[in-house]
Amino acid sequence: AYFTDTWRVSSNMTFDLGGIPITLTDASPVEVMAIFRTMSGYPILGLEKETRPVTINVDDVSWETALTETLKGLGYSWAREGDAIRATPVARQGS
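Bear in mind that the values here come from a model prediction, so they are computed numbers and not experimental data.

A closer look at the overall build of the protein chain
- Looking only at helices and strands, the protein chain has two helices and seven strands in total.
- For the protein chain, the N- to C-terminal ordering of α and β elements is β-β-β-α-β-β-α-β-β.
- For the protein chain, the residues scored as buried account for 32% of the 95 residues in total.
- Partitioning the intrachain contacts of the protein chain with sequence separation of at least 6 by distance along the chain shows that 42% fall at a separation of at least 24.
- Carbon together with sulfur atoms contributes 50% to the accessible area of the protein chain, which is approximately 5800 Å² in total.

Here's the deal with helix 1 (residues 29–40)
- Its 12 residues give helix 1 an end-to-end C-alpha distance of 16 Å, which sits within 8% of 16 Å, the value for a rise of 1.5 Å per residue.
- For helix 1, the full list of buried residues reads Pro-29, Val-32, Met-33, Ile-35, Phe-36, Met-39 and Ser-40. All buried residues of helix 1 project into a common sector of 150° when viewed along the axis, lining one side.
- Between a side-chain oxygen at the N-terminus of helix 1 and the backbone nitrogen of Val-30 the separation is 3.1 Å; the capping residue is Ser-28.
- Where helix 1 ends, the next residue or the one after it, Gly-41, has phi of about 85°, a positive value.

As for the packing of helix 1 against helix 2 (residues 63–74)
- It is the contact of helix 1 with helix 2, at a shortest axis distance of 10 Å, that shows an interaxial angle of 160°. The pairing of helix 1 with helix 2 is recorded here as roughly antiparallel in orientation. Crossing angle aside, the handedness with which helix 1 passes helix 2 is left-handed. Only Trp-63, Ala-66, Leu-67, Thr-70 and Leu-71 of helix 2 make contact with helix 1, whose side of the interface consists of Val-32, Met-33, Phe-36, Met-39 and Ser-40.
- Tallied by class, residues from the contact of helix 1 with helix 2 come to eight nonpolar, two polar and no charged.

Side note on the nonpolar core
- In terms of nonpolar packing, the biggest core is built from 21 residues, with Ile-22, Leu-24, Met-33, Phe-36 and Leu-67 touching the most fellow members.
- Breaking this core down by element, the ones donating at least two residues are strand 3 (22–27), helix 1, strand 5 (54–58), helix 2 and strand 7 (84–89).
- Ignoring any residue separated from it by four or fewer positions in sequence, one finds Phe-36 in contact with Ile-22, Gly-41, Ile-44, Trp-63, Ala-66, Leu-67 and Thr-70.

Cut-offs and rules
Residues numbered from 1 in each chain as written. Predicted model: local features only at pLDDT ≥ 70, side-chain atom pairs only at ≥ 80, totals over all residues. Heavy atoms only, no water. Helix = DSSP H or I, 4+ residues; strand = E, 2+ residues; numbered from the N terminus. Buried < 20%, exposed > 50% of the residue type's maximum accessible area, 1.4 Å probe, protein only. Contact = heavy atoms within 4.5 Å. Areas by Shrake-Rupley, 256 points an atom, 1.4 Å probe, with all protein chains shown as cover. Expected span 1.5 Å × (residues − 1). Arc of directions from axis to C-beta. Polar contact = N/O pair within 3.5 Å; in protein donor to acceptor, adjacent residues only side chain to side chain. Axes fitted to C-alpha atoms, helices over the stretch in contact; angles between N-to-C directions. Parallel < 35°, antiparallel > 145°, perpendicular 65-115°, else oblique. Left-handed = near helix turned anticlockwise from the far one by under 90°. Nonpolar A, V, L, I, M, F, W, Y, C, P; charged D, E, K, R; others polar. Core = buried A, V, L, I, M, F, W, Y, C linked by side-chain atoms within 4.5 Å.

Rendered as structure tokens:
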């Protein structure tokens, strides 16, 4: 189910669960993953120690695409793991 309200989590974050436009600027990974947990209905694991700020601006995409783009910027990918989503670091080529 989608919601039509725009939620404001903090002064630098807004998102609309209707068409999934999402704009985040220097947001806390904890806050961002809470948003995706709400959208997906699944807890997101594997980012507990991540502290780098998150910036993303996408429009009219699924929550899956938005999550993929968000995690890509941090160097992670994700997969469903039972009743959760697991984020894992992407191996860097040439390392």
